[in-house]
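Report on the structure
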Amino acid sequence: MTPITPLLQATQQASATVRRLSPAKKTDLLNRLADVLATHTAEIVAENQKDLARMPDTDPKYDRLKLTEARVADLSKSLREVAVLPDPAGEVILERTIEQGLKLKKIAVPLGVVGVIYEARPNVTVDVASLCLRSGNACVLKGGKEADFSNRYLVGLIQQVLTEFDVPKAAVTLLPTDGPTSRGAVVNELLTATRYVDIIIPRGSESLIQFVRKNSLVPTIETGAGVCHTYVEESADLEKAVAIVVNARVSRPSVCNSLDCVLVDESIADQFLPMLTTDFNKWNVEVFADETAYAVFEKAGYTNLQHAQPEDFGREFLDYKCAVKVVADLDETLSHLQTYSSRHSEAILSQNQALIDRFLFEVDAAAVYANASTRFTDGGVFGLGAEIGISTQKLHARGPFALEKLVTEKWIVVGDGQVRW
């Protein structure tokens, strides 16, 4: 195994060039990359097929791994959207003159070198590169082995465009895969590269995030894992509630903003849960139900049913599966969320404004919803361009982690001979 230190050194050196790029040149670069992706759509899909061929289509990761012509077009569109976003680097945050005559200015500056560790998501390769370049950062990418063909081809296209714009190819570096797991020597070396990497962002499963949290010497921002709940309160419009719950579970079951657990008021459980069965049957959703919910589903003739175990609550399914629990009221819901929420996205379906207000105020999550699907938690949907992931922590970034958070601050102090004794 070749040590990755030379690669990290090259990326750190390239970061100086990226930092000097004008906003206009960064816009031109990203638009050019959008053109290149569109031109090479067929080749991107072909390389992606090599990755897909190594994964059973029953694997929950299969959908995340897959790139279609439409998805490549979306990546190209996202690049153009990021290209026209305001450049966060250089923004003047504060400006004043203090008593001693010193002129102070606090400005936003790039983080430097951003390291991102992710799994079977080749779209992340383009998203991260675009956001980092737009904000004046270089990036080191450690994708999962499942997407190796896709990632290598995409980074090759990105580096081709960097060369056209006289930017070192190392400004976007893809680290090699290193054997049967993504927790090998390459990751360990990246996590301890404090001289060359300024921040590490893990995007993926809870096990990946916990591994990075426990082993990284480089500061980290956690993104990815989402155990998302939807609470159906007794006053909810039940037809709308069915549509929201089904959408949140089945539209993209392998993504982090998809629904994992439905909480239903006991006063409407007998009415609401049978209403889910038609769509759940259509999508073959496996339900892990508590005893009360199990009895209702069983009476309604739903057969894809399991008795929920304690570990099924707080579980990120990433598949056509969900937990269902009948609760007494909002207080029990809040208690459940306090125990099991990953603080990603949580929703209440209700027509009781007082309860909605209380839910939105009291629930501790990056995004809280009233009468809408949690599937909307996304940087692009929120108007932030692409995203690196959804941050579930509270320091530096929370929610969609996008362009605006890829900077830090610097104080500039200008004097005229002042000294302090």
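The preceding data block contains the structure.
Residues numbered from 1 in each chain as written. Predicted model: local features only at pLDDT ≥ 70, side-chain atom pairs only at ≥ 80, totals over all residues. Heavy atoms only, no water.

1. Here we look at helix 12 (residues 291–299)
- Listed in full, the buried residues belonging to helix 12 are Ala293, Tyr294, Val296 and Phe297. Taken around the axis of helix 12, the buried residues stretch over an arc of 165°, which confines them to a single face. Opposite the buried face of helix 12, at more than 90 degrees from it, the exposed residues are Glu291, Glu298 and Lys299.
- Buried residues in helix 12 make contact with helix 11 (269–283), strand 9 (286–289), strand 10 (305–307) and strand 11 (321–327).
- Just downstream of helix 12, glycine 301 is the residue with a positive phi angle, here 85°. (Buried < 20%, exposed > 50% of the residue type's maximum accessible area, 1.4 Å probe, protein only. Helix = DSSP H or I, 4+ residues; strand = E, 2+ residues; numbered from the N terminus. Arc of directions from axis to C-beta. Contact = heavy atoms within 4.5 Å.)

2. Remarks on the environment of glutamate 189
- Considering the arrangement of structural elements, one finds glutamate 189 in helix 8 (residues 185–191).
- A relative accessible area of 24% means that glutamate 189 is categorised as partly exposed.
- Sequence-wise, glutamate 189 and isoleucine 4 are 185 residues apart; in three dimensions their C-alpha atoms are separated by 7.3 Å.
- For glutamate 189, the residues in contact, after removing those within four places along its chain, are Pro3, Ile4 and Thr5.

3. What about the sheet that holds strand 12 (residues 345–349)?
- Strand order in the open sheet formed by seven strands is 10-9-11-8-7-12-13, and the pairing between neighbours is parallel. Two strands close off the open sheet at either side, each with one partner strand: strand 10 and strand 13 (367–370). Each strand of the sheet is rotated relative to its neighbour by a mean of 20°, with strand direction disregarded.
- Note that strand 8 (residues 259–265) and strand 11 share five bridges and pair parallel. Bridging from a neighbouring strand, cysteine 261 pairs with alanine 323 of strand 11.
- On the sheet, helix 10 (residues 238–250) packs against strand 7 (228–232), strand 8, strand 11 and strand 12 and is oriented at approximately 160° with respect to strand 8. (Pairing = 2+ DSSP bridges. Axes fitted to C-alpha atoms, helices over the stretch in contact; angles between N-to-C directions.)

4. A word on the sheet that holds strand 1 (residues 92–97)
- Taken together, three strands build an open sheet; the order of strands is 1-2-16 and the sheet is antiparallel. The sheet is open, and its two edges are formed by strand 1 and strand 16 (407–414), each paired on a single side. Ignoring which end each strand starts from, the neighbouring axes of this sheet average 20° apart.
- Relative to strand 16, strand 2 (residues 103–110) runs antiparallel, the two sharing eight bridges. Within the sheet, the bridge partner assigned to isoleucine 107 lies in strand 16 and is lysine 410.

5. Focus on the pairing of strand 4 (residues 138–142)
- Within strand 4, five of the five residues are buried, leaving the element largely enclosed by the surrounding structure.
- Burial of strand 4 is two-sided: the residues Ala138, Val140 and Lys142 facing one way and the residues Cys139 and Leu141 facing the other way are all buried.
- Taken together, the five bridges between strand 3 (residues 113–118) and strand 4 define a ladder with parallel strand orientation. When the bridges of strand 4 are listed, valine 116 appears paired with leucine 141.
- You can see the chain leave strand 3, run along helix 6 (residues 122–134) and come back into strand 4, and the turn it takes is right-handed.
- For strand 4 and strand 5 (residues 172–174), the ladder comprises three bridges, and the chain directions are parallel. The partner of cysteine 139 across the bridge, within strand 5, is valine 172.
- Crossover connection from strand 4 via helix 7 (residues 148–164) to parallel strand 5: handedness right-handed. (Right-handed = clockwise from strand over helix to strand, strands pointing away.)

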